[in-house]
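Residues per chain are reported as follows:
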Amino acid sequence: MELGKGLLVLLLLLVMFSEAELDEGLKKREDTGGSKKSGTSDDHDEEIVEEEMENAFEQLREIKALRDTILKLVPASNPFLRDVVDKQRKGDSQDQDEDDDDDVASYTVVRSGSKDPEIIRMEEMIAYAKQWKLEKKRERKRREQESRDRNLDDDIGIDSLEENDVSIADVPDEEIIVPLTPEQQEAEELFKKAQAILNATHSNKAEAQKLLTAAATLGHREARSMLAWAQLLGTHLSSSSSGSSLQDISSALQTFKELAETGLPSAHMGLGFLYATGLGGLNASQGKALLHYTVAALGGDTRAQMSLGYRYWAGVTTAASCEKALDFYRKVANKVAEEVSLSGGPVIQRVRLLDEYENPGYTSGILDQDLIEYYQLLAEKGDIQAQVGLGQLHYQGGRGVPLDHQKALHYFQHAADAGNSLAMAFLGKIYLEGSDIVKQDNDTAYKYFKKAAELGNPVGQSGLGLMYLYGRGVERDTTKALKYFSQAADQGWVDGQLQLGNMYFSGTGVRRDYKLANKYFNLASQSGHVLALYNLAQMHATGTGMMRSCPTAVELLKNVAERGKWSDQLMMAHNEYREGRVDEAFVTYAVLAEMGYEVAQSNAGFILDRAETTILSEEEGLVRALSLWARAAAQGYSPAQVKLGDAHYYGKGTRVDYEVAASHYRSASDQQQNAQAMFNLGYMHERGLGLAKDRHLAKRCYDLAAEANADARIPVALALLKLSFLFGLDYIEELSVMEYWDQWDQFLGQNWDLYLIGLLTGMLSLVIYFRRPQPPPPRPAPPVN
């Protein structure tokens with residue numbers, strides 16, 4: 001078997017070498033033909049070139065047929081090897097130079113996922129052959145360029161050489177645009193209508209589902225993929241099915257497999273996610289997941305680009321590479337920046353389930369429905385502040401309030417009629433931008449901006465600056481634009497700061513000054529403006545006006561990428577969890593966790609840690625939760641670091657290891673001043689678990705925990721009482737009074753300290769009860785006359 005594998009590899013190498021030699025021979029013939037053109041006629045030259053091309057194509061067909069036969073015979077333990085080879089061959093027709101580099105990288109990816117040493121050796125030889133062929137091709141092109149320079153005056157010879165270079169060396173499969181059949185045209189029209197409905201402010205999901213289903217029935221690939229994603233996430237496209245679960249991971253997996261064979265990027269993203277998480281009955285394989293993510297990302301899938309960006313940034317299942325992470329995150333950030341409106345982008349609600357569970361007073365920023373109704377009542381009664389507040393909520397969305405420009409316009413109009421300058425300014429923004437609800441109107445926008453600016457409102461001043469900067473409804477005047485932006489920035493308005501930064505960066509109306517641009521971008525980024533973060537990231541990435549910093553650029557671009565329209569799935573998952581649809585919430589969080597959202601990682605880990613989902617077994621869930629907690633902790637979430645310590649302390653998803661647990665607690669304590677971690681360190685010092693037994697250090701840790709969080713004072717007080725009692729016992733032991741202490745210790749067991757805490761708690765409760773304020777004695781009755 002090993003001999004057979006070796007022969008097949010040698011045959012494959014021979015084929016590749018033959019292709020290179022064929023290209024070299026053809027080039028020599030072309031050079032010879034070019035040098036003899038002066039002594040022959042043009043017709044004879046064309047016949048020679050045509051004959052050589054026919055012979056070359058015939059030889060090439062034979063070589064490719066032999067190569068295909070060999071590839072079919074090559075045994076591969078990795079089932080995706082042939083897919084990668086086929087992709088490389090197709091990619092050769094598009095951009096040979098770039099794809100040759102990508103081919104070697106692709107073989108490396110596949111090799112890392114293989115387990116058979118023979119297969120690894122075969123793939124290394126193939127990669128070496130591809131690299132050799134690339135070098136030969138570059139050398140040949142260099143010589144061809146020199147030949148072109150020598151024969152620059154002979155246009156016909158150069159044209160023939162270039163044609164043969166394209167036809168023989170690259171062997172492109174000419175991209176032929178095949179006209180759509182009537183059925184395909186109908187499917188495309190149905191799909192576009194469904195997309196338009198889903199992208200509208202008020203989307204009719206039931207109608208969109210009907211259109212997508214009809215398009216999928218006609219064979220539309222993207223429609224089938226969207227329905228498969230809906231099955232995977234359990235998304236309710238139709239309100240009529242809100243009472244039942246639509247989640248069907250197995251069906252989604254089958255659809256993804258079928259569509260991935262056609263090269264659809266979103267299907268590869270789906271397969272990559274399922275291989276990464278081991279859902280749908282698949283064995284988890286990070287190598288296959290990385291392969292599918294790469295194919296999807298190269299095809300332009302945003303989720304895959306974010307997933308790869310995060311993996312290269314954090315070094316998850318692959319070697320960390322800041323430059324690769326920068327490349328992928330930049331692609332996503334470009335899309336986000338293009339879609340940012342005057343509202344500044346959607347407001348992301350990062351609700352952590354762990355904080356909600358452990359802290360009853362935790363405020364997630366989501367407004368209670370009763371509170372919203374109260375504000376609506378005040379607005380209807382003419383309260384201007386309530387009208388402006390509700391208008392802003394509906395204009396930007398977030399905090400549990402859906403984006404609704406119609407309602408925003410209603411509330412702003414009432415407040416503006418009452419003379420509120422902020423409402424006037426926001427009306428100007430609505431009319432300047434326009435939407436499917438409000439028609440764009442420069443004149444109306446200018447009117448409201450002007451009124452607001454005259455009243456000193458920075459939003460109105462910034463709006464006027466925009467109109468003058470771009471000549472929207474007024475004559476373009478960069479001087480006036482600079483004036484209004486400066487006035488708005490002086491009042492701390494983020495849009496004014498951003499636009500000032502843009503003007504100084506580009507030198508529009510002012511002298512270019514990168515330091516001032518950096519200053520204003522930093523000011524705007526402190527308020528979380530997406531474009532300010534994006535511009536700062538570009539400056540750090542290119543080293544414009546500052547030292548180049550790839551890590552800083554990646555962190556900023558990651559922040560921008562996570563502000564995309566797909567971020568609203570965080571709130572969707574939270575709502576599903578609150579409604580009891582835990583499986584659907586978990587899968588949504590898991591997808592976002594793969595894309596690098598720290599909140600999604602911690603929430604998915606929380607669900608698995610509590611064994612609330614039925615998708616994975618409890619044992620598999622604990623192992624997966626450990627991985628998710630580790631990823632969230634690496635992004636700076638200290639409670640996740642504590643959870644990692646708990647997992648190693650109790651042996652949840654891993655073996656019990658007190659030293660590792662203590663290291664995680666110490667990290668959370670030192671980096672984030674986590675009170676729970678400090679308390680746990682105190683307990684481990686007290687008992688000598690994974691740390692040196694030292695009651696003085698234990699007391700110090702307890703004191704630090706009480707200082708870090710007021711909520712820790714009561715448990716710290718009880719722990720200190722127990723420590724005081726233990727210090728007293730130590731003193732008594734030194735006096736040798738307690739001869740039978742060992743007997744009592746055996747009688748009470750290892751949990752004697754818990755009994756003592758219970759006793760002390762009871763005594764403390766009695767003291768509090770008897771010291772409670774007593775009611776005043778009854779007044780004596782007045783004497784009766």
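## Let's talk about the overall build of the chain
Okay, so step 1: From N to C terminus, the chain includes 37 helices and 0 strands.
Okay, so step 2: Within the chain, contacts between residues separated by at least 24 positions form 57% of all contacts whose residues are at least 6 apart in sequence.

## Here's the deal with the packing of aromatic side chains
The geometry of two aromatic rings is summed up by the distance between their centres and the angle between their planes.
Okay, so step 1: All told, the structure shown has 16 aromatic pairs when counted by the stated rule.
Okay, so step 2: For the pair Tyr312 and Phe328, a centre-to-centre distance of 6.1 Å together with 0 degrees between the ring planes defines the contact as stacked. With Tyr312 in helix H13 (residues 302–314) and Phe328 in helix H14 (residues 322–339), the pair connects residues that are 16 residues apart, well separated along the chain. Each member of the pair Tyr312 and Phe328 is classed as buried.
Okay, so step 3: Aromatic pair Tyr446 and Tyr468: ring centres 6.4 Å apart, planes at 80 degrees, arrangement edge-to-face. Of this pair, Tyr446 sits in helix H20 (residues 442–454) while Tyr468 sits in helix H21 (residues 458–470), and the two are 22 residues apart along the sequence.

## Observations regarding a nonpolar patch on the surface
Okay, so step 1: There is a patch of nonpolar side chains on the surface, built from Leu371, Tyr374 and Tyr375 and spanning about 270 Å² of accessible area.
Okay, so step 2: Mapped onto the fold, Tyr375 is located in helix H16 (residues 369–380).

## A look at the packing of helix H11 (residues 265–277) against helix H12 (residues 286–298)
Okay, so step 1: Interaxial distance between H11 and H12 falls to 8 Å at its minimum, and their mutual angle equals 160 degrees. The pairing of H11 with H12 is recorded here as roughly antiparallel in orientation. The two elements H11 and H12 cross, and the hand of that crossing is left-handed. For the pair H11 and H12, contact is made by Pro265, His268, Met269, Leu271, Gly272, Phe273, Tyr275 and Ala276 and by Gln286, Lys288, Ala289, His292, Tyr293, Val295 and Ala296, respectively.
Okay, so step 2: Of the residues assigned to the contact of H11 with H12, the class counts are 10 nonpolar, 4 polar and 1 charged.

## Focus: the state of the cysteines
Okay, so step 1: For the coordinates displayed, the defined rule picks out 1 disulfide.
Okay, so step 2: Here Cys322 is linked by a disulfide to Cys550, with a sulfur-sulfur distance of 2.0 Å. Here the S-S torsion is close to -115 degrees, and the disulfide linking Cys322 with Cys550 is therefore left-handed. Taken as a pair, Cys322 in helix H14 and Cys550 in helix H26 (residues 550–561) lie far apart in primary sequence, 228 residues in all.

## A closer look at the packing of helix H29 (residues 598–609) against helix H30 (residues 618–634)
Okay, so step 1: Contact geometry of H29 with H30 gives a least axis separation of 8 Å together with a crossing angle of 155 degrees. Between H29 and H30, the crossing angle belongs to the class labelled roughly antiparallel. The chirality of how H29 crosses H30 is left-handed. The segment H29 lies against H30, with Glu598, Gln601, Ser602, Ala604, Gly605, Phe606, Leu608 and Asp609 engaging Gly621, Leu622, Arg624, Ala625, Leu628, Trp629, Arg631 and Ala632.
Okay, so step 2: Taken together, the residues of the contact of H29 with H30 sort by class into 8 nonpolar, 4 polar and 4 charged.

## Some points on the environment of Ile384
Okay, so step 1: Tracing the sequence through the fold places Ile384 in helix H17 (residues 384–396).
Okay, so step 2: On the basis of relative accessible area, Ile384 is assigned to the partly exposed category, the value being 28%.
Okay, so step 3: Spatially, the C-alpha atom of Ile384 lies 9.9 Å from that of Asp417, the residues being 33 residues apart in sequence.
Okay, so step 4: Those residues within four positions of Ile384 in sequence are excluded, and the remaining contacts are Ala415, Ala418 and Asn420.

## Remarks on H12
Okay, so step 1: Taking 1.5 Å of rise per residue, 13 residues should cover 18 Å, and H12 covers 18 Å from first to last C-alpha, within 8% of that figure.
Okay, so step 2: Residues of H12 that are buried include every one of Ala289, Leu290, Leu291, His292, Tyr293, Ala296 and Ala297, and no others.
Okay, so step 3: Note on H12: the residue one or two positions beyond its end, Gly300, has a positive phi of about 95 degrees.

## Some words on the nonpolar core
Okay, so step 1: Counting residues in hydrophobic clusters, the biggest one holds 132 residues, and the most contacted among them are Leu232, Phe256, Phe273, Leu274 and Phe586.
Okay, so step 2: When residues in this core are grouped by element, the largest group, 9 residues, is from helix H28 (residues 582–594).
Okay, so step 3: In this structure, Phe273 is in contact with Leu232, Leu279, Tyr293, Val587, Ala590, Val591 and Glu594, ignoring residues within four places of it in sequence.
Okay, so step 4: Counting 12 residues, the second-largest nonpolar core is a separate cluster that includes Ala698, Ala706, Ala712 and Ala719.

## A closer look at the confidence of the model for the chain
Okay, so step 1: In this model, the chain carries a mean pLDDT of 78, and residues with pLDDT of at least 70 account for 69%.
Okay, so step 2: Model confidence for the chain, summarised as mean pLDDT per element, is weakest for helix H6 (residues 155–170) at 36 and strongest for H13 at 96.
Okay, so step 3: Within the model, the stretch residues 1–11 combines pLDDT values under 50 with 13 contacts to residues more than four positions away or in other chains.
Okay, so step 4: Contacts for the low-pLDDT stretch residues 24–46, under 50 throughout, to residues beyond four places or in other chains number 21 contacts.

## A look at the side chain of Ser225
Okay, so step 1: Within the secondary structure, Ser225 is located in helix H9 (residues 221–233).
Okay, so step 2: In this structure, Ser225 is in contact with Phe256, Leu259, Leu264, Ser266 and Ala267, ignoring residues within four places of it in sequence.

## A look at the pattern of salt bridges
Okay, so step 1: In the structure shown here, the tally under the stated rule is 20 salt bridges.
Okay, so step 2: Between Asp327 and Lys331 there is a salt bridge, with its nearest N and O atoms 3.8 Å apart. In this pair, Asp327 and Lys331 both sit in helix H14, 4 residues apart, roughly one turn of the helix.
Okay, so step 3: Exposure remark for Lys331: the relative accessible area of 31% places this residue in the partly exposed category.
Okay, so step 4: Here Arg578 makes a salt bridge to Glu356, at a shortest N to O gap of 2.1 Å. Within this pair, whereas Arg578 is found in helix H27 (residues 569–578), its partner Glu356 is found in helix H15 (residues 353–358), the two being separated by 222 residues in sequence.
Okay, so step 5: One network of salt bridges, in which partners are shared, links Arg311, Glu594, Arg624 and Arg631.

## Some details on the side chain of His268
Okay, so step 1: Within the fold, His268 resides in helix H11.
Okay, so step 2: When sequence neighbours within four positions are dropped, the list of residues in contact with His268 reads Ala260, Gly263, His292, Val295 and Ala296.

## A word on helix H34 (residues 695–708)
Okay, so step 1: Helix length check: H34, at 14 residues, gives a terminal C-alpha distance of 20 Å against a target of 20 Å (1.5 Å per residue), a fit within 8%.
Okay, so step 2: Its side-chain oxygen at 3.0 Å from the backbone nitrogen of His696, Asp694 defines the N-terminal cap of H34.

## Considering unusual backbone geometry
Okay, so step 1: Residues other than glycine seldom take positive phi values, yet Thr317 does so here, at roughly 60 degrees.
Okay, so step 2: Within the secondary structure, Thr317 is located in the loop between H13 and H14.

## Description of the environment of Tyr577
Okay, so step 1: Checked against the element boundaries, Tyr577 lands in helix H27.
Okay, so step 2: Along the primary structure Tyr577 and Ile607 are separated by 30 residues, whereas in three dimensions their C-alpha atoms are 9.4 Å apart.
Okay, so step 3: Excluding anything up to four places from it in sequence, Tyr577 contacts Leu353, Val582, Ala585, Phe606, Ile607 and Glu612.

Rules used throughout
- Residues numbered from 1 in each chain as written.
- Predicted model: local features only at pLDDT ≥ 70, side-chain atom pairs only at ≥ 80, totals over all residues.
- Heavy atoms only, no water.
- Helix = DSSP H or I, 4+ residues; strand = E, 2+ residues; numbered from the N terminus.
- Contact = heavy atoms within 4.5 Å.
- Phe/Tyr/Trp six-rings, centres within 6.5 Å; stacked < 30°, edge-to-face > 60°.
- Buried < 20%, exposed > 50% of the residue type's maximum accessible area, 1.4 Å probe, protein only.
- Patch = residues over 30% accessible without salt bridge, like charges linked within 9 Å, V, L, I, M, F, W, Y side chains within 5 Å.
- Areas by Shrake-Rupley, 256 points an atom, 1.4 Å probe, with all protein chains shown as cover.
- Salt bridge = Lys/Arg side-chain N within 4 Å of Asp/Glu carboxyl O.
- Axes fitted to C-alpha atoms, helices over the stretch in contact; angles between N-to-C directions.
- Parallel < 35°, antiparallel > 145°, perpendicular 65-115°, else oblique.
- Left-handed = near helix turned anticlockwise from the far one by under 90°.
- Nonpolar A, V, L, I, M, F, W, Y, C, P; charged D, E, K, R; others polar.
- Disulfide = S-S within 2.5 Å.
- Expected span 1.5 Å × (residues − 1).
- Core = buried A, V, L, I, M, F, W, Y, C linked by side-chain atoms within 4.5 Å.
- pLDDT = per-residue confidence, 0-100.
- Polar contact = N/O pair within 3.5 Å; in protein donor to acceptor, adjacent residues only side chain to side chain.

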